[in-house]
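Given next are the chains, with one letter for each unit.
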Number of protein chains: 4
Amino acid sequence: MTLDGAIEKRMRDSFAAQGLMKTFGAHIARLAPGECEIHLPFGAHVTQHHGFVHAGALTTILDNACGLAANTLMGPDEAALTIEFKVNFLRPARGSLFIARGRVRRAGKTVHVVEGELHAEHEEDRPTALMLATMSVVSGLTLRDS
Amino acid sequence: MTLDGAIEKRMRDSFAAQGLMKTFGAHIARLAPGECEIHLPFGAHVTQHHGFVHAGALTTILDNACGLAANTLMGPDEAALTIEFKVNFLRPARGSLFIARGRVRRAGKTVHVVEGELHAEHEEDRPTALMLATMSVVSGLTLRDS
Amino acid sequence: MTLDGAIEKRMRDSFAAQGLMKTFGAHIARLAPGECEIHLPFGAHVTQHHGFVHAGALTTILDNACGLAANTLMGPDEAALTIEFKVNFLRPARGSLFIARGRVRRAGKTVHVVEGELHAEHEEDRPTALMLATMSVVSGLTLRDS
Amino acid sequence: MTLDGAIEKRMRDSFAAQGLMKTFGAHIARLAPGECEIHLPFGAHVTQHHGFVHAGALTTILDNACGLAANTLMGPDEAALTIEFKVNFLRPARGSLFIARGRVRRAGKTVHVVEGELHAEHEEDRPTALMLATMSVVSGLTLRDS
């Protein structure tokens, strides 16, 4: 199943408007109904004190991957807003490219539940981090007054 | 109770060595036994698509505040490593300065449990985000091979 | 601030209708706007394999305390439904009575965020478990079709 | 891959010693390396106020499924202890039998990360609840003094 072109354009425009994604140098690698993949290249600007990529940067692209995955299943006047998420860090984040995938497990009228999984390139079977997130469905211009 | 000078120096050096904190322009505002406060000034480089500060940036400084709070209670050869955290977003993140506080609720031999709370400046009674985090106690040079 | 009598009656009737609370022998010890306290007496019927109270039983009364705390702030045609929660276990659950408290941190139009804390009797400063929960506001007769 | 007989016996004895599992009428349906499945038959003794199975009962068997899944990968002197978990409720829990599955995603020296999934019988593609749990590895007779 492929994504409607207008929805995909809206997702990509929304991503491009995020100052933090420009700062990170992250980009959308894939969008499909209920799914999103975001890539984050390693760089000194996203490191923690041992020189590895910061857990916060990994969490940020996982949150975005989950939010955009939810967005793909919403109407033209709706947007996903993160209510909450939980993330586990499983292994050291070693690598030159990090891949975050979000996948919707339940698309409800007001709430979507999304799983996220992150791994370093060529390490698909060894996830670095797992996320379980709750997104609310809000009308496009409304900002978290739920 | 005040913090031992050597421990405080170690915490501040560790923070200063984080590339992502330089990128964000965040700094440690306070350190005390079991507690840490980190400030993040607003800027276009940390925004999401509506121009508000990105949930990922808020999460990152909350994670750091919780990790450093845990670190203050550890020995000279130990360091806190984030096992996992959960964060709820309660309100839109409006403001020019964001304040993240971590507070240890349980310091165990191998695991610390830490609460985090974030609010915009002058909005102490209206938290933007709440975190509940689990940190492992690792020997200083060991990197998440638990 | 005290709770409206009709709301309190509705909460207590709802609790009394829970088969699992009868099975546990738990009861509501306190209700106030945005707050709820539930007591669970120890017994062999709620133990894990070492003879301590089961983490699942503690989680259950924490969930109930958080849900009822949220309910106290809702209208006569609304009810709280658990979207999700996270719970940390901090210490062994030793004691003859367990006290779970829920406290609303954010009451929104569609979502409430609630903190829960559990301790054994006479151990108020040594929490056994901490919860951070998200409750949805649903009209009274609607059952999770959000 | 099948489970070592001595380990399986230890798991089943541990489960049988849980008073709460007797109270619930739950049983282990399957054990394999890194995996566990637990069944909970519906009954009035595990209901919430609308007559559906209580979220706390579902959470309890998910926690057990995750803990036992972790236990299958531990040594004869080790046991899994729940550090924390997060659970999302996706749909109303309608049915006469509930099936909880735990699956280890990362088995470390001191911490295991486990995913749990619960559905009503014949509803495998429509999960009722999802869990993401952190288990610590403790020596068999030590009770949460981590």
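Residues numbered from 1 in each chain as written. Chains lettered and ligands numbered in written order. Predicted model: local features only at pLDDT ≥ 70, side-chain atom pairs only at ≥ 80, totals over all residues. Heavy atoms only, no water.

K.L.:
How do you make sense of the relation of the copies chain A and chain D when you look at a structure like this?
P.N.:
Note that the two copies of the chain are related through a rotation about an axis and a translation along the same axis. Overlaying chain A with chain D gives an RMSD of 0.0 Å, the required rotation being 180° about an axis along which the chain moves by 0.0 Å. Those values place the two copies in the arrangement expected of a two-fold rotation axis. Residue by residue, 100% of the interface of chain A is reproduced at the interface of chain D, so both copies engage with the same surface. (Least-squares fit on C-alpha atoms with pLDDT ≥ 70 in both. Contact = heavy atoms within 4.5 Å.)

K.L.:
I tried to follow the relation of the copies chain A and chain B on my own but got confused; where do I start?
P.N.:
Expressed as a screw transformation, the operator carrying chain A onto chain B has a rotation angle of 180° and an axial translation of 0.0 Å, and the superposed copies differ by an RMSD of 0.0 Å. A high fraction, 97%, of the interface residues of chain A reappear at the interface in chain B, so the copies pair face to face through one surface.

K.L.:
Would you mind showing me how to read the packing of aromatic side chains here?
P.N.:
For the coordinates displayed, the defined rule picks out 4 aromatic pairs over all chains. Centre to centre, the rings of Phe85 of chain C and Phe89 of chain D are 5.8 Å apart; their planes meet at 55°, and the pair counts as tilted. Of this pair, Phe85 of chain C sits in strand 3 (residues 78-89) while Phe89 of chain D sits in strand 3 (residues 78-89), on two different chains. By the burial criterion, Phe85 of chain C is buried, and Phe89 of chain D matches it. (Phe/Tyr/Trp six-rings, centres within 6.5 Å; stacked < 30°, edge-to-face > 60°. Helix = DSSP H or I, 4+ residues; strand = E, 2+ residues; numbered from the N terminus. Buried < 20%, exposed > 50% of the residue type's maximum accessible area, 1.4 Å probe, protein only.)

K.L.:
How should the confidence of the model for chain A be read in this particular structure?
P.N.:
Predicted coordinates in regions of low pLDDT should not be interpreted in detail. Here chain A averages 93 in pLDDT, and 95% of its residues register 70 or above. Every residue in residues 142-146 of chain A scores below 50 in pLDDT, and together they form 16 contacts with partners more than four places removed in sequence or on other chains. (pLDDT = per-residue confidence, 0-100.)

K.L.:
So what exactly am I meant to see when it comes to the interface of chain A and chain B here?
P.N.:
Interfaces are often described in size by the accessible area the parts lose on coming together. On the chain B side, the residues contacting the 39 residues of chain A number 38 residues. Together chain A and chain B conceal approximately 3000 Å² of surface at their shared face, both sides included; 59% is due to carbon and sulfur atoms. Our count for the contact surface shared by chain A and chain B stands at 2 salt bridges. Note that Lys86 of chain A and Glu84 of chain B form a salt bridge whose closest N and O atoms lie 2.8 Å from each other. If you look at where chain A meets chain B, you find 18 residue pairs in polar contact (both at pLDDT 80 or more). A total of 8 residues in the side of chain A that touches chain B trace back to one element, the largest contributor, which is strand 3 (residues 78-89) of chain A. Each residue belonging to the side of chain A that touches chain B can be placed in one class, and the counts come to 16 nonpolar, 17 polar and 6 charged. (Buried area = accessible area lost by both parts, 1.4 Å probe. Salt bridge = Lys/Arg side-chain N within 4 Å of Asp/Glu carboxyl O. Polar contact = N/O pair within 3.5 Å; in protein donor to acceptor, adjacent residues only side chain to side chain. Nonpolar A, V, L, I, M, F, W, Y, C, P; charged D, E, K, R; others polar.)

K.L.:
It is not clear to me how helix 3 (residues 55-71) of chain D should be interpreted in this structure. Could you clarify?
P.N.:
Note: α-helices contain 3.6 residues per turn, so residues at a spacing of three or four share the same orientation. The first and last C-alpha atoms of helix 3 of chain D sit 24 Å apart over 17 residues, in line with the 24 Å expected at 1.5 Å per residue. By the criterion of burial, helix 3 of chain D is predominantly enclosed, with 17 of the 17 residues buried. (Expected span 1.5 Å × (residues − 1).)

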